[in-house]
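# Structure assessment
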Amino acid sequence: MVVLDTNALMMPVECGVRVFEELDRLVDDPELVTPEAVVAELETLAAGAGEEATAASVGRDLAERCRVIETAQQYADDAVVELASGEDFDGYVVTNDRPLRERLLARGVRVIGLRGANTLAITQP
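Just so we're clear, the structure is a prediction, and the values are computed from it rather than from any experiment.

Time to look at the overall build of the protein. For the protein, the count of helices and strands is six helices and six strands. Listing the helices and strands of the protein from first to last along the sequence gives β-α-α-β-α-α-β-α-β-α-β-β. For 125 residues, the compact-globule formula gives about 14 Å, and the C-alpha radius of gyration of the protein, at 13 Å, lands near that figure. Projected onto the principal axes, the alpha-carbon positions of the protein cover approximately 40 × 35 × 25 Å. Out of the 125 residues in the protein, the part that is buried amounts to 48%. For the protein, the proportion of contacts with a sequence separation of at least 24, taken over those separated by at least 6, is 59%. Surface summary for the protein: the accessible area is close to 6500 Å², and the carbon and sulfur share equals 43%. Side-chain charges in the protein split into 11 positive and 24 negative, and the spacing between the mean points of these groups amounts to 6 Å.

If you want it as structure tokens, here you go:
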């Protein structure tokens, strides 16, 4: 399972990263999921203006390629942590959010993030 957070879905516009191609390169047959709270955050950001709104709008469209999972958490980062903290979780979280990344690594979760200009890499806890 590969959990995508808000900024992961916005990477194609903000960083020029081909997220799904990179994930296919790093993970065999990835099952892509995102929390419902992430989709809600993208919808809120997309309602704004400027580059962030454009990136969020693209991210919202990309989220349709993921299985959206309902969590108890309303805040997107907490929802990502909830999904990745399950007993049977043996996957990855894609994020460029440094505080979220640190929370996940402290819990023993593998994190996929930006490495270089437009390449993703896995960080082991």
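From this point, the narrative continues.
Here six strands make up an open sheet; going across it, the order is β3-β2-β1-β4-β5-β6 and the pairing mixed. The open sheet has two edge strands with one neighbour each: β3 (67-69) and β6 (119-123). Across the sheet, the axes of successive neighbouring strands diverge by a mean angle of 30°, strand direction being ignored. Here strand β1 (residues 2-4) pairs with strand β4 (residues 92-94) via three bridges, running parallel. Within β4, the position partnered with Val-2 by the bridge is Tyr-92. Where helix α5 (residues 76-84) meets the sheet, its contacts fall on β1, β2 (32-35), β3 and β4, and the angle it forms with β2 comes to roughly 130°.

Positive phi outside glycine occurs at Asp-29, with the angle close to 45°. The residue Asp-29 is located in the loop between α2 (19-26) and β2 in this model.

The subject of this paragraph is helix α3 (residues 36-46). Buried within α3 we find Ala-37, Val-38, Val-39, Leu-42 and Ala-46. Here the buried face of α3 lies against β1, α1 (6-14), β2, α4 (51-62), β3 and α5.

This paragraph deals with the pairing of strand β5 (residues 110-115). As paired elements, β4 and β5 share three bridges and run parallel to each other. Along β5, the bridge assignment pairs Val-93 with Val-111. Where β5 meets β6, five bridges bridge the pair, whose relative direction is antiparallel. The residue of β6 that forms the bridge with Ile-112 is Ile-122.

What counts, and at which threshold
Residues numbered from 1 in each chain as written. Predicted model: local features only at pLDDT ≥ 70, side-chain atom pairs only at ≥ 80, totals over all residues. Heavy atoms only, no water. Helix = DSSP H or I, 4+ residues; strand = E, 2+ residues; numbered from the N terminus. Rg over C-alpha atoms; globule rule 2.2 N^0.38 Å. Buried < 20%, exposed > 50% of the residue type's maximum accessible area, 1.4 Å probe, protein only. Contact = heavy atoms within 4.5 Å. Areas by Shrake-Rupley, 256 points an atom, 1.4 Å probe, with all protein chains shown as cover. Lys, Arg positive; Asp, Glu negative; His and termini not counted. Charge placed at Lys NZ, Arg CZ, Asp CG, Glu CD. Pairing = 2+ DSSP bridges. Axes fitted to C-alpha atoms, helices over the stretch in contact; angles between N-to-C directions.

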